[in-house]
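Each chain is listed here by its residues.
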Amino acid sequence: VVFVLDTTDTAFVQRLYDERPETFAGLTGIIIFLLFLIVIALMLVSCVKIVPQAQALVVERLGAYLGTWSVGVHFLVPFVDRVAKRVILKEQVVDFAPQPVITKDNVTMRIDTVVFFQITDPKLFAYGVENENLTATTLRNIIGDLELDQTLTSRETINTKMRASLDIATDPWGIKVNRVELKNIIPPAAIQDAMEKQMKAERERREAILRAEGEK
């Protein structure tokens, strides 16, 4: 036999409560206890942190640096500890938009770069300088010492100088710069037109020499 309690009948529920108040008190206590257990379970689950391969967690306790957690299972103290930063330890690539630079002979061009770097110290990285674009500054300094012709023909030299300068500058932030590559060197339109005309004239000169030699 199954009895179905119609909770919409408020008069019946009130009469049942008046006759058996201990039953309602017991149910209320059970519901509160179950809710308490659910909250505790969720809190414990949120305090368990699994750090995967090639990552690290910078943890703070009461706002101060506590430690750096590497691969494995770790536990946070509720309301006291927190994860300040999740750090990726594998090599990363940053593609910077074209930057305007001025050569030694006062020619303005645009150069875009790609930087390959790796975080070696999560603590220094988490508490170092935030969003500091040293790439543009370093590029301007290097190109400022070169003339236009040198800039167009010295990619490897520029790459090496930039990598060395960035690696030294970012070392206090826990960053290792592995390599730097110049993707595109874009001179002004007038310079491009002049270069194209020069190349065309050079091709025509060679063709004239070949024709003259063929007629001999």
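For the pair helix α4 (residues 134–143) and helix α6 (residues 155–170), the least separation of the axes is 10 Å and the interaxial angle reads 135°. Classified by the angle between their axes, α4 and α6 sit oblique to one another. As α4 runs across α6, the sense of the crossing is right-handed. Contact residues: α4 offers Leu-134, Thr-135, Thr-138, Leu-139, Ile-142 and Ile-143, while α6 offers Ile-158, Lys-161, Met-162, Ser-165, Leu-166, Ala-169 and Thr-170. Here the residues of the contact of α4 with α6 are counted per class, giving 8 nonpolar, 4 polar and 1 charged.

The next thing to look at is the nonpolar core. Ranked by internal contacts, the top residues of the largest apolar core, which has 26 residues, are Ile-111, Leu-139, Ile-158, Met-162, Leu-166 and Leu-182. For this core, the elements supplying multiple residues, two or more each, are β8 (108–119), α4, α6 and β9 (175–186).

This part covers the confidence of the model for the protein. Per-chain confidence: the protein averages 81 in pLDDT, with 83% of residues scoring 70 or above. Between the elements of the protein, mean pLDDT differs from a low of 58, seen in helix α1 (residues 10–19), to a high of 94, seen in strand β2 (residues 55–61). Contacts for the low-pLDDT stretch residues 1–5, under 50 throughout, to residues beyond four places or in other chains number 2 contacts.

So, about the environment of Trp-173. Mapped onto the elements of the fold, Trp-173 is located in the loop between α6 and β9. The exposure class of Trp-173 is buried, given its relative accessible area of 18%. Between the alpha carbons of Trp-173 and Leu-124 there is a distance of 4.9 Å; along the sequence they are 49 residues apart.

This next bit is on the pattern of salt bridges. In this structure the tally under the stated criterion is 7 salt bridges. When the shortest N-O distance is used, the salt bridge between Arg-179 and Glu-91 registers 3.7 Å. Pair noted here: Arg-179 is in strand β9 and Glu-91 is in the loop between β5 (81–88) and β6 (92–95), with a separation of 88 residues, a long-range link. For Arg-179, a relative accessible area of 36% translates into the label partly exposed. The network of salt bridges with shared partners includes Glu-91, Arg-179 and Glu-181.

Between its first and last C-alpha atoms α6 spans 22 Å; for 16 residues at 1.5 Å apiece the expected length is 22 Å, and the two agree. Residues of α6 that are buried include every one of Ile-158, Asn-159, Met-162, Leu-166, Asp-167 and Thr-170, and no others. Viewed end-on, α6 has its buried residues packed into an arc of 155°, placing them on one side of the element. α6 presents Glu-156, Thr-160 and Ile-168 as exposed residues on the side facing more than 90 degrees away from its buried surface.

Within the fold, Thr-113 resides in strand β8. Excluding its chain neighbours within four sequence positions, the residues that come into contact with Thr-113 are Val-94, Asp-95, Phe-96, Thr-135, Leu-139, Met-162, Glu-181, Leu-182 and Lys-183.

Attention shifts here to the packing of aromatic side chains. Two descriptors summarise a pair of aromatic rings, namely the distance from one centre to the other and the angle between the planes of the rings. Counted according to the given criterion, the structure contains 1 aromatic pair. Residues Tyr-65 and Tyr-127 carry aromatic rings whose centres are separated by 6.0 Å and whose planes lie at 90° to one another, so their mutual orientation is edge-to-face. Pair noted here: Tyr-65 is in strand β3 (residues 64–69) and Tyr-127 is in the loop between α3 (122–126) and α4, with a separation of 62 residues, a long-range link. Overall, Tyr-127 belongs to the partly exposed group, its relative accessible area being 40%. Positioned above the aromatic ring of Phe-116 is the side chain of Arg-179, whose terminal nitrogen or guanidinium carbon lies 3.7 Å from the ring centre.

By definition, the strands of a sheet pair up through backbone hydrogen bonds, in either a parallel or an antiparallel sense. An order of β3-β2-β5 is seen for the 3 strands of this open sheet, with the pairing classed as antiparallel. In this open sheet, the two strands that pair with only one neighbour each are β3 and β5. For this sheet, the mean inter-axis angle between neighbouring strands, taken without regard to orientation, is 25°. In this sheet, β3 lies alongside β2 in antiparallel orientation, the contact comprising 5 bridges. Bridging from a neighbouring strand, Leu-57 pairs with Trp-69 of β3.

What counts, and at which threshold
Residues numbered from 1 in each chain as written. Predicted model: local features only at pLDDT ≥ 70, side-chain atom pairs only at ≥ 80, totals over all residues. Heavy atoms only, no water. Axes fitted to C-alpha atoms, helices over the stretch in contact; angles between N-to-C directions. Helix = DSSP H or I, 4+ residues; strand = E, 2+ residues; numbered from the N terminus. Parallel < 35°, antiparallel > 145°, perpendicular 65-115°, else oblique. Left-handed = near helix turned anticlockwise from the far one by under 90°. Contact = heavy atoms within 4.5 Å. Nonpolar A, V, L, I, M, F, W, Y, C, P; charged D, E, K, R; others polar. Core = buried A, V, L, I, M, F, W, Y, C linked by side-chain atoms within 4.5 Å. Buried < 20%, exposed > 50% of the residue type's maximum accessible area, 1.4 Å probe, protein only. pLDDT = per-residue confidence, 0-100. Salt bridge = Lys/Arg side-chain N within 4 Å of Asp/Glu carboxyl O. Expected span 1.5 Å × (residues − 1). Arc of directions from axis to C-beta. Phe/Tyr/Trp six-rings, centres within 6.5 Å; stacked < 30°, edge-to-face > 60°. Lys NZ or Arg CZ within 6 Å of the ring centre and 35° of its normal. Pairing = 2+ DSSP bridges.

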